[in-house]
Amino acid sequence: MSVSPPHSYYHATRQVELSATTPLAGERTADVCIIGGGVTGCSAALHLAERGYRVVLLEAGEIGHGASGRSGGQILPGFGTEMPAIESVVGLDAARRLWAMSGEAVDLTQRLIATHDIPCDLRRGYVHAAVKPRHAHAMRAHAERMARVYGYTGERWLDPESLRDHVRTDAYRGGLFDAAGGHLHPLNYTLGLARAAQRAGATLYVRSPVIRVERGDVTRVMTASGCVRCDVVLVACNAYLDGLVPQLDGRIMRVSNYIIATEPLGDALAADILPSDPAVSDANFVLDYYRLSADRRLLYGGEVSYSGREPRGLDRRMQAKMVSLFPALAGTRIDYRWGGQVGITLNRAPDFGRLDETLYYAHGYSGHGMALAGLAGQLLAEAIDGNTGRFDDIAAIPHRRFPGGERLRVPLLALATTFYRLRDRW
Ligand SMILES: Cc1cc2nc3c(=O)[nH]c(=O)nc-3n(C[C@H](O)[C@H](O)[C@H](O)COP(=O)(O)OP(=O)(O)OC[C@H]3O[C@@H](n4cnc5c(N)ncnc54)[C@H](O)[C@@H]3O)c2cc1C
């Protein structure tokens, strides 16, 4: 895939080693076979193995090959869409339960890191930055409503001057600071979950792309060199699904997104641009997001592509945006660039469900999955174990397929994004 250069910054700073993992060869039997070794799949493997299930996980590449090992690493409460949109389709009571679960997802991330001693540089603090006056207005109204309707008081409005305690730039009209959010090294986090799953008894196979799922009296998950016979299949492929389960076609679309990493900036310059070391994203529809790494590089993400081909002039454009925020970074070397696939749904809410009692899926976090995918793994384990309530709360969010059929879906999505990108300029 053209958005998969061999070594991202995350690969270069990988710290977690797994017990030997090999491709699947021959036939295996499991209670649950998980397809996909990202946060969703690894968290599900861990939570199922802890409950005593025999678990086999099959990953097409290496663990963390997909979005989980490439992401911006921002850990955020909430969803890829605002709560009023969720309320409008599930009602306020259910929306309140969903909001609480999104907070639980952030807490769970922290707990998993602590319990399994995962070295992934977790930092707390998130800034949502207003680029335009209308963003500032909307954010203040949002924070007021979240406090009034959801009792959530974690978001604090900061005027442009106060914002400089966190992000030292003149570019923003203020922003919301949320101490619950934060950032981490996503590949080490994913590998840490995989290691914990192995220790709990799950068996992981890598370089084992699933080519077919045969369903009947017995379910058989087939790779080119082996097969897993199982009671339940859990599809955790997100944007990398690629037609494997035709019933799920059109429910999510994949969008490529990119990140650059500067050379190490040194402690003084790093503290000068991001004094409180937060994760930051701006309020544009096609948003930019950034944070410092543990070794004080700026990891700056943004830009999208629908074809999977890297847009021309990507480095130059991203660097220019970075320097326009922080002029002191002019001339800073870019050491790494990589991309990955984000799985988005039409309404930007996550899409969980089951085709029947033998096939479950959770995907479509719409750029908001680093924390939610960990919770998804736990909810999948609960549901398979017979406690379906919380999984079903998320599964109750209605989803429509992207319009346009197989041929027109991508051009229509690109057109819609062009509209929003133009609107970002107003
Ligand atoms: C560049 C980028 C930046 C992002 N930034 C953030 C962020 O800052 N904060 C945030 O919350 N979210 C972010 N996201 C989204 C977040 O990374 C995802 O929502 C989350 O990682 C999804 O995890 P997952 O396990 O469901 O999917 P993935 O991590 O994508 O894992 C799916 C796995 O399935 C495997 N697979 C697919 N098909 C098969 C098959 N046939 N057989 C076997 N294996 C298969 C793939 O190889 C892949 O490893 C970002 C995503 C990208 C790409």
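Residues numbered from 1 in each chain as written. Predicted model: local features only at pLDDT ≥ 70, side-chain atom pairs only at ≥ 80, totals over all residues. Heavy atoms only, no water.

Caption draft 1: Up close: the pairing of strand β1 (residues 26-35). The sheet contact formed by β1 and strand β10 (residues 226-235) spans nine bridges and is parallel. Pairing of Val32 across the sheet is with Val232, part of β10. Sheet topology places β1 next to strand β2 (residues 55-58); four bridges connect them, and they run parallel. By the bridge assignment, Ile35 is partnered in β2 with Leu58. Assessed by its sense of winding, the connection that carries the chain from β1 through helix α2 (residues 39-50) to β2 is right-handed. (Pairing = 2+ DSSP bridges. Helix = DSSP H or I, 4+ residues; strand = E, 2+ residues; numbered from the N terminus. Right-handed = clockwise from strand over helix to strand, strands pointing away.)

Caption draft 2: Region of the structure containing the nonpolar core. Counting 73 residues, the largest nonpolar core has Ile34, Ile63, Tyr189 and Leu234 as the members making the most contacts within it. Looking at which element gives the most residues to this core, the answer is helix α10 (residues 369-384), with eleven residues. Apart from the residues within four sequence positions on either side, Ile34 is in contact with Gly41, Ala44, Ala45, Leu48, Val55, Val56, Leu57, Leu58, Leu234 and Ala236. Grouped together as the second largest cluster of nonpolar side chains are 24 residues, Tyr172, Ile260, Leu265 and Leu329 included. (Core = buried A, V, L, I, M, F, W, Y, C linked by side-chain atoms within 4.5 Å. Buried < 20%, exposed > 50% of the residue type's maximum accessible area, 1.4 Å probe, protein only. Contact = heavy atoms within 4.5 Å.)

Caption draft 3: How the structure looks around the packing of aromatic side chains. Applying the stated criterion to the full structure yields ten aromatic pairs. Where Phe352 meets Tyr365, the ring centres are 6.1 Å apart and the plane angle is 80 degrees; that geometry is what we call edge-to-face. A residue pair is termed long-range when its members are at least 10 positions apart, and Phe352 in strand β16 (residues 351-356) and Tyr365 in the loop between β17 (359-363) and α10 qualify at 13 residues. Residues Phe352 and Tyr365 agree in their burial class; the two are buried. Relative to Phe391, the ring of Phe352 lies with its centre 5.7 Å away and its plane at 25 degrees, an arrangement referred to as stacked. Remark: Phe391 occurs in helix α11 (residues 389-395) and Phe352 occurs in strand β16; sequence separation between them is 39 residues. Taken as a pair, Phe352 and Phe391 share a single burial class, namely buried. (Phe/Tyr/Trp six-rings, centres within 6.5 Å; stacked < 30°, edge-to-face > 60°.)

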